[in-house]
Amino acid sequence: MENPAHYARALTPGGRRHLALARGRLHSTERTPGLTDLDAEGVVDNDGVGVHYYEVGSAEAPVTVVYIHGFTLAAESYYQQVDALREMDVRQVLVDLRGHGQTGAVRPELCSVDLAADDVWAVIQARNVSGPVILVGHSLGGLVALSLSRRYSGKFNLAGLVMINSSVEELADQGVPQILATPTADAVYKAVETSPVEADKFREEVTKIIAPGLAVAVFQRDTDWELVDFHAAMIHETPLETFVGYFDDLQEHEELQAGPSLRGVPGYILVGAKDDVTPLAQADRLNEIWPEAYLQVIPHAGHMLLLETPEVVNAAIQRLVRRATSM
């Protein structure tokens, strides 16, 4: 990987976002990085929020993998995992959580882990997902997966879970909240709360400080520039309301009560040894309440295992699919 300073300089205010959009990188069914060759795509209404979803594979497949992405990312962040499972008899469903991707902006007060979990549940129901389900959650998506498992326990057949760079306790003094708790971020929060119309004036400051901070800090291994660019572009597309809305919940939300809903569920806890966003201590804590899971620490990797070490994530999902289909 090149010097992180190179990436910081390249992520000029608005520059990466405009470049990525000009290339048609995001939300394209024809270019990579990104999802291609979809079998279905659409919108599900969840109490007034139009939740965007993608599908790959047959609805008649014996097992369904549901992907839940991380904060300031989008469902497309899983494109390498989707491609790796194309040759298996599996249905793959991906959801753009509220405030992200093509689901787009919602009011800040409508951004929370539990409401995002409701989005995923709404898609599962609307798309008539039945049979064994394997949840895959990255970062914020891990908390959402735990919320879904806890609050909808018994309403679907949870056959496996892959938690990637995820937390289980509140992160008030570490990780993402530290990155977001900058003077510029504070100004953005106040602007959105007092005058949403004027909030876009602060986007240049957000892309100058917050987005590069998130994009550069999470990669610890040698990673192709186009993947770092792809990751940064997703952050740049994230509405300001999303930063504001999820901030308090990311500081305070915890899922320690999810343990009983995970009892007997096989799965993996994957974490990068150099993950500074959701550190190893969170993976250990998750393993305490979910002892059935296999904890795997990936050396020299950071917070974006999906892009840094996709083969590790792919293998974990594939093992759970094989296990679910052999039962």
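In this text, all values refer to a predicted model and were calculated from it rather than measured experimentally.

## A few points about the overall build of the protein chain
Working step 1: Looking only at helices and strands, one finds 13 helices and eight strands in the protein chain.
Working step 2: The proportion of buried residues among the 327 residues of the protein chain is 60%.
Working step 3: Long-range pairs, those at least 24 residues apart, make up 80% of the contacts in the protein chain between residues at least 6 apart in sequence.
Working step 4: Of the accessible surface of the protein chain, which amounts to about 12600 Å², a share of 46% is contributed by carbon and sulfur atoms.

## Observations concerning the pairing of strand β4 (residues 91-95)
Working step 1: Here β4 lies mainly inside the structure; five of its five residues are buried.
Working step 2: Side chains of β4 alternate between two faces, with Arg91, Val93 and Val95 and Gln92 and Leu94 buried alike.
Working step 3: Across four bridges, strand β2 (residues 49-56) lies against β4 in antiparallel orientation. In the sheet register, Tyr53 faces β4, and the bridge partner there is Val95.

## Regarding the packing of aromatic side chains
Working step 1: With the rule as written, the count across this model stands at seven aromatic pairs.
Working step 2: Between the aromatic rings of Tyr79 and Phe230, the centroid separation amounts to 5.7 Å while the plane-to-plane angle is 85°, which identifies the pairing as edge-to-face. One end of the pair, Tyr79, is in helix α3 (residues 79-84); the other, Phe230, is in helix α9 (residues 225-237), with 151 residues separating them in the sequence.
Working step 3: Residue Phe230 is classed as buried on the basis of its relative accessible area of 1%.
Working step 4: On the numbers, 5.9 Å between centres and 45° between planes, the contact of Trp121 with Phe156 is tilted. Of the two residues, Trp121 is situated in helix α4 (residues 113-126) and Phe156 in the loop between α5 (140-151) and β6 (157-164); the sequence distance between them amounts to 35 residues.

## Regarding the nonpolar core
Working step 1: Val120, Leu135, Val144, Leu148 and Trp290 are the most contacted members of the largest nonpolar core, which has 49 residues in total.
Working step 2: In terms of residues, this core owes the most to one element, α4, which gives eight residues.
Working step 3: Excluding its chain neighbours within four sequence positions, the residues that come into contact with Val144 are Ile68, Leu97, Val113, Ala116, Ala117 and Val120.
Working step 4: In terms of nonpolar packing, the next biggest core, distinct from the first, is built from 40 residues, Val56, Ala74, Met304 and Ile317 among them.

## Focus on the pattern of salt bridges
Working step 1: Counted by the stated rule, this structure contains ten salt bridges.
Working step 2: Where Arg107 meets Glu109, a salt bridge forms, and the shortest distance between an N and an O atom there is 2.6 Å.
Working step 3: Owing to a relative accessible area of 53%, Glu109 belongs among the exposed residues under this scheme.
Working step 4: Two residues, Arg150 and Asp114, come together in a salt bridge whose shortest N-O distance is 3.7 Å. One end of the pair, Arg150, is in helix α5; the other, Asp114, is in helix α4, with 36 residues separating them in the sequence.
Working step 5: A relative accessible area of 29% places Arg150 in the partly exposed class.
Working step 6: A network of salt bridges, in which partner residues are shared, links Glu55, Arg91 and Arg127.

## Concerning the pairing of strand β1 (residues 40-46)
A regular strand places its side chains so that they alternate between the two faces of the sheet.
Working step 1: Across the two faces of β1 the burial differs, with Ala40, Gly42, Val44 and Asn46 buried and Glu41, Val43 and Asp45 not buried at all.
Working step 2: Sheet topology places β1 next to β2; seven bridges connect them, and they run antiparallel. Bridge pairing in β2 links Val44 to Val51.
Working step 3: The loop that links β1 with its antiparallel partner β2 comprises two residues; one of these, Asp47, has a positive phi angle of about 55°.

## Things to note about the confidence of the model for the protein chain
Working step 1: With 76% of its residues at a pLDDT of 70 or more, the protein chain has an overall mean of 83.
Working step 2: Under a pLDDT of 50 for its full length, residues 1-17 has, in the predicted model, 32 contacts with residues more than four places off or in other chains.
Working step 3: A low-confidence stretch, residues 19-24 (pLDDT under 50), is modelled with seven contacts involving residues beyond four sequence positions or located in other chains.

## Points about unusual backbone geometry
Working step 1: Despite not being glycine, Ser139 shows a phi value in the positive range, around 55°.
Working step 2: By the element assignment, Ser139 lies in the loop between β5 (132-138) and α5.
Working step 3: Taking the relative accessible area as the measure of exposure, Ser139 reaches 8% and is therefore buried.

Parameters and conventions
- Residues numbered from 1 in each chain as written.
- Predicted model: local features only at pLDDT ≥ 70, side-chain atom pairs only at ≥ 80, totals over all residues.
- Heavy atoms only, no water.
- Helix = DSSP H or I, 4+ residues; strand = E, 2+ residues; numbered from the N terminus.
- Buried < 20%, exposed > 50% of the residue type's maximum accessible area, 1.4 Å probe, protein only.
- Contact = heavy atoms within 4.5 Å.
- Areas by Shrake-Rupley, 256 points an atom, 1.4 Å probe, with all protein chains shown as cover.
- Pairing = 2+ DSSP bridges.
- Phe/Tyr/Trp six-rings, centres within 6.5 Å; stacked < 30°, edge-to-face > 60°.
- Core = buried A, V, L, I, M, F, W, Y, C linked by side-chain atoms within 4.5 Å.
- Salt bridge = Lys/Arg side-chain N within 4 Å of Asp/Glu carboxyl O.
- pLDDT = per-residue confidence, 0-100.

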